[in-house]
Amino acid sequence: MTSGTVIDMGENDPDRRKFLKVATCAMGGGVGIVVAAPVLRLVLDPAGKETVTSPTEPLDLGAANRLRIGEPPRRVEVIAPLVKDAWSASQNVVLGAAWIRRTGPNPGDLDARSAVCPHLGCAVGWDPDKGNYLCPCHDSRFAIGGDKLSGPSERGLDALPLKVVDGRLKLTWIRFATGRSTPEPV
Amino acid sequence: MKARVVAFLRERAGLDSTGAEAPRMIEGGASFAYVFGSVLVFLLAFEAITGAALAAFYSPSTTDAWGSVAYIQDQMSWGWLVRGIHFHGGGAIVVVAGLHLVQTAVAGAYKRPRELVWWLGILLLVLCLAWAVTGYVLRWDQAGFWANKVELGIAAATPLAGEKIKALALGGNDYGNLTLTRFYALHVIVLPAVVTLLTVAHVKLARKHGTTAVRRATAVPSWPDQAVRNSLAIALTLAILLAYVWTQHGAELAAPANPSQAYDARPLWYFRWLLELRDLAGGAEKIAAMVAPAIVAGFLVMLPFLDKRPDLTVRARASWLVGLAGLLILICALTLMSFARDGRDDDLAKRRVAAGEVADRARLLARTNGVPSTGGIDVFATAPMWKARSIYAQKCAGCHEDPKDRKGPLIGPGHGNRVWLKAFLEDPSGDLFWGRTKLVKESKEAQKIEEEKGAKPDVPKPDPKPEPKAPAKADKESPPVPDTGPKDLAMKPSPVKGSELDDLVEVLYAQSGATDVDAAKVKRGMAQFEGACTDCHTLAEGVAATASPNLFGLGSRDYYTSFISNPKSPIHMTEDMSQMPRFDKELTIVERDALAEYLVWLRTATKADVDALGPL
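Residues numbered from 1 in each chain as written. Chains lettered and ligands numbered in written order. Predicted model: local features only at pLDDT ≥ 70, side-chain atom pairs only at ≥ 80, totals over all residues. Heavy atoms only, no water.

1. Some words on the confidence of the model for chain B
All names here are of chain B.
Right, on to step 1. Averaged over all residues, the pLDDT of chain B is 88; the fraction at 70 or higher stands at 92%.
Right, on to step 2. Throughout residues 469–477 the model reports pLDDT below 50, and contacts reaching past four residues in sequence, or to other chains, amount to 44 contacts.
Right, on to step 3. What the predictor reports for the complex is a pTM of 0.81 with an ipTM of 0.86. (pLDDT = per-residue confidence, 0-100. Contact = heavy atoms within 4.5 Å.)

2. A short note on unusual backbone geometry
Residues and elements named next belong to chain B.
Right, on to step 1. Cis geometry marks the peptide bond from R112 to P113, where omega comes out at 5°.
Right, on to step 2. Along the polypeptide, P113 turns up in the loop between α4 (79–107) and α5 (115–136).
Right, on to step 3. Following W223, the chain continues into P224 via a peptide bond in cis, with omega recorded as 0°.
Right, on to step 4. Structurally, P224 can be placed in helix α9 (residues 222–248).
Right, on to step 5. In this model, W140 sits at a positive phi of 55°, which is unusual for a non-glycine residue.
Right, on to step 6. Turning to its location among the elements, W140 is positioned in the loop between α5 and α6 (142–156).
Right, on to step 7. For W140, a relative accessible area of 8% translates into the label buried.
Right, on to step 8. The backbone of M385 sits at a positive phi, close to 55°, despite the residue not being glycine.
Right, on to step 9. Along the chain, M385 turns up in the loop between β3 (371–372) and α14 (386–400). (Helix = DSSP H or I, 4+ residues; strand = E, 2+ residues; numbered from the N terminus. Buried < 20%, exposed > 50% of the residue type's maximum accessible area, 1.4 Å probe, protein only.)

3. A look at the packing of helix α11 (residues 285–306) of chain B against helix α12 (residues 318–344) of chain B
Residues and elements named next belong to chain B.
Right, on to step 1. In contact at an axis separation of 11 Å, α11 and α12 are set at 165° when each is read in the N-to-C sense. Judged by the inter-axis angle, α11 sits roughly antiparallel to α12. In this structure, the crossing between α11 and α12 has a hand that is left-handed. Seen from α11, the contacting residues are V296, F299, L300, L303 and L306; seen from α12, they are W320, G323, L324, L327 and I331.
Right, on to step 2. Of the residues assigned to the contact of α11 with α12, the class counts are nine nonpolar, one polar and no charged. (Axes fitted to C-alpha atoms, helices over the stretch in contact; angles between N-to-C directions. Parallel < 35°, antiparallel > 145°, perpendicular 65-115°, else oblique. Left-handed = near helix turned anticlockwise from the far one by under 90°. Nonpolar A, V, L, I, M, F, W, Y, C, P; charged D, E, K, R; others polar.)

4. Structural notes on the interface of chain A and chain B
Right, on to step 1. Contact residues are listed per partner, giving 35 residues for chain A and 49 residues for chain B.
Right, on to step 2. Summed over both sides, the interface between chain A and chain B buries roughly 3600 Å², with carbon and sulfur atoms accounting for 69% of that surface.
Right, on to step 3. Across the chain A-chain B interface, the total number found is two salt bridges.
Right, on to step 4. Its salt-bridge partner being R16 of chain A, residue D225 of chain B comes within 3.8 Å of it at the nearest N-O pair.
Right, on to step 5. At the boundary of chain A and chain B, one finds 12 residue pairs in polar contact (both at pLDDT 80 or more). (Buried area = accessible area lost by both parts, 1.4 Å probe. Salt bridge = Lys/Arg side-chain N within 4 Å of Asp/Glu carboxyl O. Polar contact = N/O pair within 3.5 Å; in protein donor to acceptor, adjacent residues only side chain to side chain.)

See the structure below:
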């Protein structure tokens, strides 16, 4: 199949051959860029967007008097009334969980911590025996006040804004970056 | 350093590290006639690259498929472009494969020993067509859904195994999640794998046999002589493809698939010739749709056997080439005829415009509100007051909307605003108001009977005409009426006129809870109300005044909810004066409240506002 003599009909002029090679590579490269550009643009697009929305209003967690001083933290599910997730819009979506408790007698003496471990994002639980928070993935421990006690976590549990409005608990849900020494909302 | 790295890699790759291999040679010289294979390989590569990007967004389920495609098309940067290249790239493959086939046939390259290459090529073409079919349904819009229904209907007509084939393709008895997951698996895993393997075999075999070399007795190295021609052709193809995608703004996306909504299903353009054949064949449609492709495929497969002589000149094979040309021309002609047939159909054009509006609306709502997790069709329900409007259309429009055979007062934009209230007070029995109700008809009959009697009223009726919904008591008492027969119970025009009427209107308007109430006018108007209306009506909450409607909260959301729940309640129209059915059993409180909200909205709405809500 590769037999046959190459007969010089000007086709073997080195300059011409070099030009053809350069032209082929240039056109091939151009085709590659033209196809790759929109594809990359599309695939990278979601990286800079809020594809899963957060609730715009603080979430209602029920009557404020359900929390009493001295009780252990209470786990509450963070349920958003409406979440737009890329193309879809869903109602009552569970976004995560938080630990809430009363710290003092004044109405505003409340503490809320995101149950998302600041280390790598596992769900932090309450250890009733030791009286502190425990992350099951890598054994990070946090004091009842949220401070880091032991384990690999770089910071303490992230505080979430919790207020009382008309006798109702209102929690603001925030997602924080994991693996940093200071809390940074994402 | 570079040389050492190259040598390292060459050795590990099992390549000769010392010298270059002999270059692949093209017998008879490089030619633009040979570019089609390369162009096809690149088009397939474009499909793979764009397909991988689309698969990163697509969700093959009946609830999410359309939403995810709409998201790519309308909300992701350049998503429409990638989707357009992918969709129209499929069409480009069919065109270039056709050219490739023609070039091969003209060159006689199907002859011994290249039959296998030829057959593999035909198989690849058939697989590419099937590939397009599996892709078209994935978008789960009206176009893809209905086209697929027709295609599987034809497949079901296959003798013996038809129904089984259909059930297998559907993944059960009807269209559903399994339909999409199956077609998705075929489209992105099975067919790409099979086509890739067969393409490799096709190219390897073709290279083994080389060109038929009919042009001249020379050979040139493939690189760069043929390569430059190939890349020029590829660049040109891409340019044409991009230009087309640009003018079309990507690929079409119709409204979400809706099994209850008829649609003018059309197959992809490369199956149009079969559609036209079916239309021409009339009753034998399914046979036409299956026999015709079988004849074409059979002819192509048999060509190496039919034209066996080794003579490669066109003249020696003229009859077979004419046969092939005839088939291709027929296919092209049928394709054009199919489009021309649609082009002549004015009704179709209208239906297409309507379908396009529905699609635009669905996509606008999907962009603005997101697609409900219950599925694509429910995107329409995210429109403002959609629920109330659909209930209204079902339960209320028959009696309250023109130009239907209306039995009740007309309800439309501006209902219950100052202009409406004033017009009502001036002529409550007017055609727009109570004019068509039984109440007014009977009252007119009663008046006529009295006139015929010529009797003058001697005793004022103790129970003045019960008035519907609005105030203004009649100034003239009607004559006594017999116990049986029609009763004159309808409200009479307001005795209050001019600016005093405006003040009275403001009193009633204030009941709706509107924020732009003129307090001074209300204060003045209360005097008018006391004078002209209170014999029949009251503004006190919850009190059943006389037999006439209580006007507390008239035009407010609570008022409407209560009225819709039971119009015959003693605080509303009472048993005698309303034909409107009660809806407290038929509609939930949430539905009644939604209707009430819609009625309140209508007060400040214009016709343009109502139109802007869009179709149901």
